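# Architecture at a glance
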Amino acid sequence: MEKTYRGKERLIDLIFEFSGIFIMSLGVHCFLVPANIAPGGLSGLGILVRYLWGMPIGLSTFLMNVPIFILSWRYLGRKYTLQSFGAVLLNSVILDYVVTPWLPMYMGERLLGSVFGGIFVGAGLGLIFLRGFSTGGTDAISFLLQVKFPHIPIGRTLMLVDGLVLAFSVLVFRNIEAGLFGVIALFFQTKVIDSIVYGSEHGQMFLIFSDKNKEITERIFTDIDRGATILKGVGAYTMKEREVLLCAARKSEFGQIKRIVREIDPDAFFIVSEVSQILGEGFKPVSGDSL
């Protein structure tokens with residue numbers, strides 16, 4: 001029974017991952033490439049490499065990920081690295097051999113190209129993040145930077161990397177509009193990811209009722225480096241004491257935590273609530289907030 005359940009879950013994971021990568025590839029090839037827009041990330045660098053030297057975007061993105069895989073294996077672990085490697089390899093194959101040879105490019109207004117490019121890329125990434133996966137690239141770079149500089153939030157490092165790619169695109173295309181349209185694409189990409197993964201909220205609070213809270217807590221620590229708190233509770237019906245696991249996390253971590261709970265205890269009682277702001281260690285510092 002358990003093997004059947006895991007097989008079904010893995011099939012759903014593959015469907016989401018394939019669909020997300022295909023939709024993301026549509027955004028890159030059909031809208032961003034013809035408009036000369038590189039809205040951040042390694043895919044944006046791949047667009048610049050294609051413009052300069054004609055190298056396929058999927059291939060160049062894969063090659064740029066190789067040194068990241070090496071560092072990721074050492075600092076982020078085997079599981080994360082292998083999962084990211086599979087996603088990057090699948091993305092390269094779909095983009096270079098499925099989407100690029102067969103689907104046309106949109107050659108109209110650059111503004112529409114930036115909007116729909118951002119929407120398609122955001123929708124693809126949203127489906128991938130929804131199942132707790134990662135596409136490597138700037139995600140891995142951000143995690144690696146946080147290993148070296150733990151006081152810098154991941155969101156800020158992502159903005160830094162994407163900002164550098166946007167600035168570089170202006171130099172490569174020799175057109176300041178390339179950077180401006182890239183900002184538009186990045187804006188829509190972020191909004192779509194937020195709406196798919198968990199709306200536009202700043203974070204989530206998880207209350208987990210399980211007899212295996214210790215195992216769940218250890219997995220949350222090791223897999224996503226997120227803290228948790230064990231609360232003491234009393235069941236109103238049984239009047240027996242039991243532990244309640246409290247965890248606050250970012251939107252992009254929702255799928256990973258849900259997966260952890262599902263794998264360890266499918267019978268767990270799981271409450272997810274929306275929170276407007278999370279302050280403190282691992283998030284925005286309290287001292288930097290204007291209360």
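A brief look at the structure comes next. (Residues numbered from 1 in each chain as written. Predicted model: local features only at pLDDT ≥ 70, side-chain atom pairs only at ≥ 80, totals over all residues. Heavy atoms only, no water.)

Here the focus is the overall build of the protein chain. Helix and strand counts for the protein chain come out as ten helices and four strands. N-terminal to C-terminal, the α/β element order of the protein chain is α-α-α-α-α-α-α-α-β-α-β-β-α-β. Buried residues in the protein chain amount to 45% of all 291 residues. Taking the intrachain contacts of the protein chain between residues at least 6 apart in sequence as the baseline, contacts between residues at least 24 apart amount to 73%. Carbon and sulfur atoms form 65% of the exposed surface of the protein chain, whose accessible area is close to 16,000 Å². (Helix = DSSP H or I, 4+ residues; strand = E, 2+ residues; numbered from the N terminus. Buried < 20%, exposed > 50% of the residue type's maximum accessible area, 1.4 Å probe, protein only. Contact = heavy atoms within 4.5 Å. Areas by Shrake-Rupley, 256 points an atom, 1.4 Å probe, with all protein chains shown as cover.)

To continue, consider helix 3 (residues 57-75). The periodicity of an α-helix, 3.6 residues per turn, causes residues three or four positions apart to be oriented the same way. The end-to-end C-alpha distance of helix 3, which contains 19 residues, comes to 27 Å, matching closely the 27 Å that a straight helix rising 1.5 Å per residue would cover. Every buried residue of helix 3 is listed here: Ile57, Gly58, Ser60, Thr61, Phe62, Asn65, Ile68, Phe69 and Ser72. Directly after helix 3, the chain includes Gly77, whose backbone phi takes a positive value near 105°. (Expected span 1.5 Å × (residues − 1).)

A separate point is unusual backbone geometry. Most peptide bonds adopt trans geometry, and most residues besides glycine take a negative phi value. Located in the positive-phi region is Asn36, a residue other than glycine, with phi close to 55°. When you line up the elements, Asn36 lands in the loop between helix 1 (2-32) and helix 2 (41-53). Phi is positive for Arg174, which is not a glycine, with a value near 55°. The residue Arg174 is located in the loop between helix 7 (154-173) and helix 8 (176-198) in this model. Classification of Arg174 by relative accessible area gives exposed; the value is 79%.

Among the eleven residues in helix 10 (residues 254-264), eight count as buried, and that is most of the element. Looking at helix 10, one finds that the buried residues are Phe254, Gly255, Ile257, Arg259, Ile260, Val261, Arg262 and Ile264.

Within the fold, Tyr97 resides in helix 4 (residues 78-99). Sequence-wise, Tyr97 and Gly58 are 39 residues apart; in three dimensions their C-alpha atoms are separated by 9.0 Å. With residues near it in sequence (within four places) discarded, Tyr97 still touches Ser92 and Trp102.

Further remarks concern the sheet that holds strand 1 (residues 203-209). Adjacent strands of a sheet pair through backbone hydrogen bonds, lying either parallel or antiparallel. The strand order 2-3-1-4 describes an open sheet built from four strands, whose pairing is antiparallel. This sheet does not close on itself; its edge strands, each paired only once, are strand 2 (229-234) and strand 4 (269-275). Direction aside, the axes of adjacent strands within the sheet are offset by 25° on average. Two strands pair when backbone bridges link them, and strand 1 and strand 3 (residues 241-249) are joined in this way by six bridges, in the antiparallel orientation. Bridging from a neighbouring strand, Phe209 pairs with Val244 of strand 3. Packing against the sheet, helix 9 (residues 213-224) makes contact with strand 1, strand 2 and strand 3, and its axis sits at approximately 15° to strand 3. (Pairing = 2+ DSSP bridges. Axes fitted to C-alpha atoms, helices over the stretch in contact; angles between N-to-C directions.)

Right, let's talk about the pattern of salt bridges for a bit. Tallying each qualifying case throughout the model produces six salt bridges. Among the salt bridges present, the one from Arg219 reaches Glu263, with a minimum N-O distance of 3.0 Å. Remark: Glu263 occurs in helix 10 and Arg219 occurs in helix 9; sequence separation between them is 44 residues. Glu263 gets classed as partly exposed once you look at its relative accessible area, which sits at 34%. (Salt bridge = Lys/Arg side-chain N within 4 Å of Asp/Glu carboxyl O.)

Let us look at the packing of aromatic side chains. In total, this model carries eleven aromatic pairs according to the counting rule given. Through a chain of ring-to-ring contacts, three or more aromatic side chains come together here, namely Phe31, Tyr106, Phe116 and Phe120. (Phe/Tyr/Trp six-rings, centres within 6.5 Å; stacked < 30°, edge-to-face > 60°.)

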